[in-house]
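Chains, contacts and geometry: an overview
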Amino acid sequence: MKENICQKKMGLVEKLGVHLENREQLAPVAARILSYIILTGKRGATFEDLVSILCASKSTISTHLNHLQDLNKIEYFTKTGDRKKYFVINKDTIVQHVDRMISHWQDEREVHIEIKAYKQKQNNEKIENEDEKFDLTFHNDYIMFIDEASSSVKALREKLKNNQFQI
């Protein structure tokens, strides 16, 4: 059973690693480190764990850990009487990602509002044949989707900022 869970975790580390590699523009090893830390949770991952599980050299792991810390994607804590560092995800990284997502959606929303206004004006002033008029349904629905999605993500962001999640 434990081996099955370990295989599942490593499969997710790889899948999430590829995703983070593309989304965050990270090196493959850095993305796998970040993935492993995310999937390890609040107990944290040690340097030794990362070296043995990711099968990478100490210098490679060290370089990428430092880089991820410089990017503020991870942080560490120590335990009394234990000299090891336990690496965990930096909650602010998630908040920053959410902020980028909201900003991107707002930019898209503004473009759709402008396009819709242009098409509406064309419909009202230039196009006389009803069959040739622009259908504005897509823009209306898409703007509504962005508004609803943004609202949900903003609520998630507030919960993150108010420490309502144990990541």
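Residues numbered from 1 in each chain as written. Predicted model: local features only at pLDDT ≥ 70, side-chain atom pairs only at ≥ 80, totals over all residues. Heavy atoms only, no water.

Turning our attention to the overall build of the protein. Regarding its fold elements, the protein presents 6 helices and 2 strands. Taking 2.2 N^0.38 as the reference for a compact globule, 167 residues should give roughly 15 Å; the C-alpha atoms of the protein span a radius of gyration of 23 Å, well beyond that estimate. Here the C-alpha coordinates of the protein stretch approximately 80 × 35 × 30 Å along the principal axes. Buried residues in the protein amount to 32% of all 167 residues. (Helix = DSSP H or I, 4+ residues; strand = E, 2+ residues; numbered from the N terminus. Rg over C-alpha atoms; globule rule 2.2 N^0.38 Å. Buried < 20%, exposed > 50% of the residue type's maximum accessible area, 1.4 Å probe, protein only.)

Where nonpolar side chains cluster on the molecular surface, the patch consists of L12, I38 and L39 and spans about 210 Å² of accessible area. We classify L12 as partly exposed; its relative accessible area is 37%. (Patch = residues over 30% accessible without salt bridge, like charges linked within 9 Å, V, L, I, M, F, W, Y side chains within 5 Å. Areas by Shrake-Rupley, 256 points an atom, 1.4 Å probe, with all protein chains shown as cover. Salt bridge = Lys/Arg side-chain N within 4 Å of Asp/Glu carboxyl O.)

With that out of the way, let us pick up the packing of aromatic side chains. Centre-to-centre distance and the angle between the planes together describe a pair of aromatic rings. Going through the model one piece at a time under the given rule, you end up with 5 aromatic pairs. Relative to Y142, the ring of F138 has its centre 5.6 Å away and its plane inclined at 20°; by these criteria the two rings are stacked. Taken together, the positions of F138 and Y142, both in helix α6 (residues 137–161) and 4 residues apart, correspond to about one turn of that helix. Arranged with centres 6.0 Å apart and planes meeting at 40°, the rings of Y142 and F145 form a pair that is tilted. Of this pair, Y142 and F145 both sit in helix α6, 3 residues apart, roughly one helical turn. Of the residues examined, Y142 reaches a relative accessible area of 22% and is grouped as partly exposed. (Phe/Tyr/Trp six-rings, centres within 6.5 Å; stacked < 30°, edge-to-face > 60°.)

As a further point, take the side chain of H64. With respect to the helices, strands and loops of the structure, H64 is situated in helix α4 (residues 58–70). Relative accessible area serves as the criterion here: at 17%, H64 is assigned to the buried category. With sequence-adjacent residues up to four places away left out, H64 is seen in contact with A27, V29, A30 and I33. (Contact = heavy atoms within 4.5 Å.)

If you check which residues of helix α3 (residues 47–54) are buried, you get L50, V51 and L54. The buried residues of α3 occupy an angular sector of 100° when projected down its axis, which confines them to one face. A positive phi of about 55° marks C55, the residue just after α3. (Arc of directions from axis to C-beta.)

No statement about biological role is implied by the geometric values presented.
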